[in-house]
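Observations on chain architecture
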Amino acid sequence: SRVIVVEGEFDLLSPWQVGIRNIVAIKGSAFTQEQAKIISRFTKEVVFALDADEAGSEATKVGLRIAESEEIHVRIADLGSFKDPDEAARADKEEFKRKLEASDDAYDFLIDRTFKKYNPRESVGVRQISRELVPLLSQIQDSILRAHYGKLLAERLGINDDAVFSQIDHTKIPIRGQGSEEAPTENKMTRRELIERRLFALSLKARPEFVLDSRFEGLISNPVLLRIRKELSVFLEKNGEFLASEFIPSLPAELSEMATSL
């Protein structure tokens, strides 16, 4: 009744060899809308078992949003000390199977992991928790579910509910199809738009400072990309290095969808 989603070929093959057959690989770190549509024809529950690194963490958050747009319920497997499903299946197949069975609801998992990363009793910890979790909760389209997790976040931070809900509403990411600056889907883009987006995305991944090169500006005409470029300049000047998990939450709400897709 569920499918396990992993990144690469070996992440699929090693679990398959130890008897885990309800498993698919997305061939990379990006879970796409088309893949979500295909999966939704067979099941409405997936378990993300993506790599336990920063890229895997970001892929999980983006994949969660895409899966929910197809009304797929997402759970997340905690791989513990293992870096990926390939290693986990080869090292201890029974423990790996237990981790898959014990997978948590995606939002519960991500909230718990964030509170383990930062100290909620320190102001800097509260700020980091807010920057990571508020954009995540703002993407929940079910208003009751969003209220549930907003209340949970307020309780764990020990602050008033109203403050959390105000921040969530302020940073709410536009639902696909709304907003004047919504990023078009790839099959509706011109060749120029598609190339600009891919160039921008590759530059962010390989060498973010290249995006700020004066020669780069002449290659980009999309106004949303240019705004993201401007925000990136401010972010790098302030933080020194590019981290998607911190950069995207720092953006104005109207830029978040484009930045997330990049």
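The model shown is predicted, which means the values in this text are computed figures rather than measured ones. (Residues numbered from 1 in each chain as written. Predicted model: local features only at pLDDT ≥ 70, side-chain atom pairs only at ≥ 80, totals over all residues. Heavy atoms only, no water.)

1. Overview of the packing of aromatic side chains
By the definition in use, this model includes 6 aromatic pairs. A centroid spacing of 5.3 Å and a plane angle of 80° characterise the contact between Phe210 and Phe216, whose relative ring orientation is edge-to-face. Taken together, Phe200, Phe210 and Phe216 form an aromatic cluster joined through their ring pairs. (Phe/Tyr/Trp six-rings, centres within 6.5 Å; stacked < 30°, edge-to-face > 60°.)

2. Notes on the packing of helix α6 (residues 106-117) against helix α8 (residues 143-157)
Two numbers describe how α6 lies on α8: the axes approach to 12 Å, and their chain directions differ by 20°. When the axes of α6 and α8 are compared, the pair comes out roughly parallel. Our pair here, α6 against α8, has a crossing hand that is right-handed. Between α6 and α8, the residues in contact are Tyr107, Asp108, Ile111, Asp112 and Phe115 and Tyr149, Leu152, Leu153, Arg156 and Leu157, respectively. Class assignment of the residues belonging to the contact of α6 with α8 gives a composition of 7 nonpolar, no polar and 3 charged. (Axes fitted to C-alpha atoms, helices over the stretch in contact; angles between N-to-C directions. Helix = DSSP H or I, 4+ residues; strand = E, 2+ residues; numbered from the N terminus. Parallel < 35°, antiparallel > 145°, perpendicular 65-115°, else oblique. Left-handed = near helix turned anticlockwise from the far one by under 90°. Contact = heavy atoms within 4.5 Å. Nonpolar A, V, L, I, M, F, W, Y, C, P; charged D, E, K, R; others polar.)

3. Considerations on unusual backbone geometry
In this structure, Glu71 is a non-glycine residue whose phi angle is positive, near 60°. For Glu71, the position within the fold is in the loop between α3 (54-69) and β4 (73-76).

4. What to know about the pairing of strand β1 (residues 3-6)
Residues Val3 and Val5 of β1 are buried on one face, and the alternating residues Ile4 and Val6, pointing to the opposite face, are buried as well. Note: β1 against strand β3 (residues 45-48), 3 bridges, orientation parallel. Looking at the pairing, Val5 lines up with Phe48 of β3. As judged from the 3 bridges shared by β1 and strand β2 (residues 23-25), these two strands associate in the parallel manner. Its bridge partner lying in β2, Val5 is registered against Val24. (Buried < 20%, exposed > 50% of the residue type's maximum accessible area, 1.4 Å probe, protein only. Pairing = 2+ DSSP bridges.)

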